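Coordinate analysis (summary)
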Amino acid sequence: MATKLKEVDVVIVGLGWTGGILAKELSGAGLKVVALERGGMRTTESDYSVPHVRDELRFVHRHDLMQNTAKDTLTIRNNPSQEALPMRRLGSFLPGEVVGGSGVHWSGHTWRWTDMEFKIRSRYEERYGKGYIPADMTIQDWGITYAELEPYYDRFEYVAAVSGKAGNIRGQIQPGGNPFEAPRERDYPLPPLTTLLANEMFKTAANNNGYHPFPRPSANASRAYTNPDGARFGACQYCGYCQRFGCEANAKGSPHMTVIPIAMRNPNFELRTHAWVTKVLKDASGKRVTGVTYTNVLNGEEFEQPAAMVMLTAYAINNVHLMLLSGIGQPYDPVSQQGVIGKNYCYQTGAGATLFFEGRNFNPFMNAGGSSMTIDDHNSNWDFDRGKHGFLGGYT
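Residues numbered from 1 in each chain as written. Predicted model: local features only at pLDDT ≥ 70, side-chain atom pairs only at ≥ 80, totals over all residues. Heavy atoms only, no water.

Section: the overall build of the protein
On a plain count of helices and strands, the protein comes out with ten helices and 15 strands. Scaling as 2.2 N^0.38, a compact globule of 396 residues should have a C-alpha radius of gyration of about 21 Å, and the protein matches this with 22 Å. For the protein, the residues scored as buried account for 42% of the 396 residues in total. In the protein, 65% of the contacts between residues at least 6 apart in sequence involve partners at least 24 apart. (Helix = DSSP H or I, 4+ residues; strand = E, 2+ residues; numbered from the N terminus. Rg over C-alpha atoms; globule rule 2.2 N^0.38 Å. Buried < 20%, exposed > 50% of the residue type's maximum accessible area, 1.4 Å probe, protein only. Contact = heavy atoms within 4.5 Å.)

Remarks on the nonpolar core
It is characteristic of soluble globular proteins that their nonpolar side chains tend to be buried jointly. Of all hydrophobic cores here, the largest spans 21 residues; its most connected members are I12, L15 and F269. Broken down by secondary-structure element, the contributors of at least two residues to this core are β2 (8-13), α1 (17-28), β3 (33-36), α9 (259-264) and β11 (269-272). (Core = buried A, V, L, I, M, F, W, Y, C linked by side-chain atoms within 4.5 Å.)

What to know about α1
Spanning twelve residues, α1 covers 16 Å between terminal C-alpha atoms, matching the ideal 16 Å at 1.5 Å per step. For α1, the complete set of buried residues consists of W17, G19, G20, A23, K24, L26 and S27. (Expected span 1.5 Å × (residues − 1).)

Structural notes on the packing of α1 against helix α7 (residues 146-159)
Between two packed helices, the angle of one axis relative to the other and the distance separating the axes together describe the packing. Between α1 and α7, whose axes approach to 13 Å, the crossing angle comes to 95°. The angle between the axes of α1 and α7 places the two elements in the roughly perpendicular class. Of the residues in α7, those in contact with W17, I21, K24 and E25 of α1 are R155, F156 and V159. Here the contact of α1 with α7 is composed, by residue class, of four nonpolar, no polar and three charged. (Axes fitted to C-alpha atoms, helices over the stretch in contact; angles between N-to-C directions. Parallel < 35°, antiparallel > 145°, perpendicular 65-115°, else oblique. Nonpolar A, V, L, I, M, F, W, Y, C, P; charged D, E, K, R; others polar.)

Concerning unusual backbone geometry
In most cases, non-glycine residues show a negative phi, while peptide bonds are predominantly trans. Here the bond from V50 into P51 is cis, since omega is 5°, no more than 30 degrees from zero. Looking at the element boundaries, P51 is found in the loop between α2 (44-47) and α3 (56-61). We note that N250 has phi near 55°; this positive angle belongs to a residue other than glycine. The topology assignment puts N250 in the loop between β10 (232-233) and α9.

Here we look at the pattern of salt bridges
Any two side chains of opposite charge can pair, so long as their charged atoms come close to each other. Inspection of every chain in the model, using the stated rule, returns 19 salt bridges. Taking the shortest distance from any N to any O, the salt bridge between K165 and D187 comes out at 3.9 Å. Within this pair, whereas K165 is found in the loop between α7 and β6 (168-169), its partner D187 is found in the loop between β7 (172-173) and α8 (197-208), the two being separated by 22 residues in sequence. A relative accessible area of 25% places K165 in the partly exposed class. In this structure, the salt-bridge partner of E185 is R170, at a minimum N-O distance of 3.3 Å. Taken together, the residues span a long stretch of sequence, with E185 in the loop between β7 and α8 and R170 in the loop between β6 and β7 at a distance of 15 residues. (Salt bridge = Lys/Arg side-chain N within 4 Å of Asp/Glu carboxyl O.)

Some points on the side chain of Q67
One can find Q67 in the loop between α3 and β4 (75-76). At a separation of 3.4 Å, a polar atom in the side chain of Q67 contacts the side chain of R38. What Q67 contacts, discounting residues up to four positions off in sequence, is R38, D72, T73, L90, P95, G96, E97 and N318. (Polar contact = N/O pair within 3.5 Å; in protein donor to acceptor, adjacent residues only side chain to side chain.)

Overview of a nonpolar patch on the surface
Residues W111, W113 and W142 make up a contiguous nonpolar surface patch of roughly 370 Å² in combined accessible area. Assignment of secondary structure puts W113 in the loop between α4 (102-105) and α5 (115-118). Taking the relative accessible area as the measure of exposure, W113 reaches 43% and is therefore partly exposed. (Patch = residues over 30% accessible without salt bridge, like charges linked within 9 Å, V, L, I, M, F, W, Y side chains within 5 Å. Areas by Shrake-Rupley, 256 points an atom, 1.4 Å probe, with all protein chains shown as cover.)

Considerations on the side chain of S163
Summarising the element assignment, S163 is placed in the loop between α7 and β6. Not counting residues within four places of it along the chain, the set of residues in contact with S163 comprises L190, P191, P192, L193, R216, P217, S218, N220, A221 and S222.

Some details on the pairing of strand β14 (residues 302-312)
In this structure, strand β1 (residues 3-4) lies alongside β14, joined through two bridges in parallel fashion. Bridging across to β14, T3 finds its partner in F303. The sheet contact formed by β2 and β14 spans five bridges and is parallel. Looking at β14, one finds that V10 is bridged to M309. Linkage of strand β13 (residues 289-296) to β14, two consecutive antiparallel strands, is achieved through a turn of five residues, within which G300 is found at a positive phi near 80°. (Pairing = 2+ DSSP bridges.)

Purely geometric numbers; function is a separate question.
Here is the structure:
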């Protein structure tokens, strides 16, 4: 039988970027907050310092910072008539399972979505007509605009030490940045990362073909930096150990060394690690949540944590899974297209090519996770006519 604990104002399920930000803000506002994280505590000093972090077998191949698919995994099928099979090898997405979540092992790429995404249905219908979007395509407007989110994008970039070059400040196009981005109030807190030979070659080729190359914005500090909350970043060392690793120099924007330590200094906040949440609890009406049940994965002990608010801030699929297990909302039916829970999950697609340059030595091991030169001419550029090609969206 589960041990019932004292009620708190807020319980946060999953302590990555989203959970860490909420933990910091809500505990700072005076609310009693408990965060439940399935993984354990890791620190730069004990886990991500040299030489410990430079272990490709541990972090790349054995996924030390990620969800262990031998204990808990997802099942995959292409349509409802197939048998769902377990995924035993992570690949296209990498959910974290440590304090800090995927924000510890991410590469740092930091984009701002614009009204090209937030108003996708209305924009395409206005330009190409109601019949342009196929009837079985479920895309819809988000109900929120870029203008509403811009101040929060700005705030996050300054918290996470994003390095980049603005392309549009209050409607004024800035040389060297992305001319197709939506307007921003100010530039990034740090200049772009040092470009590599491959980046310079891509930039030259793109310019010669009339495109608009710019350095991809990334939460890798291009120089030492102290964010508005007082978190201190080292400069990127271009060591190559970035994606799938914690950062040895504290140069990569990560919740474990920014928002989470601030929350943990607040007496209103409590972190419980190795806590696997199994159900969101509801009252008799079924219309209001009252807390969660969770299991201590180290000893199997079960607890009930009452709370006035429950916030699901784990990886998207894990949040949906927990809602389905808890009977929250109507599950999405892909045949009838009814229901909301589980609807419209998608992932990026990509294509790659390997090129050989005689006499060139690119030294790709000397790099930062977010170091890249890119173009946005076929994505956020609304002057690019999709209609004659018959598609929606775009690509970078």
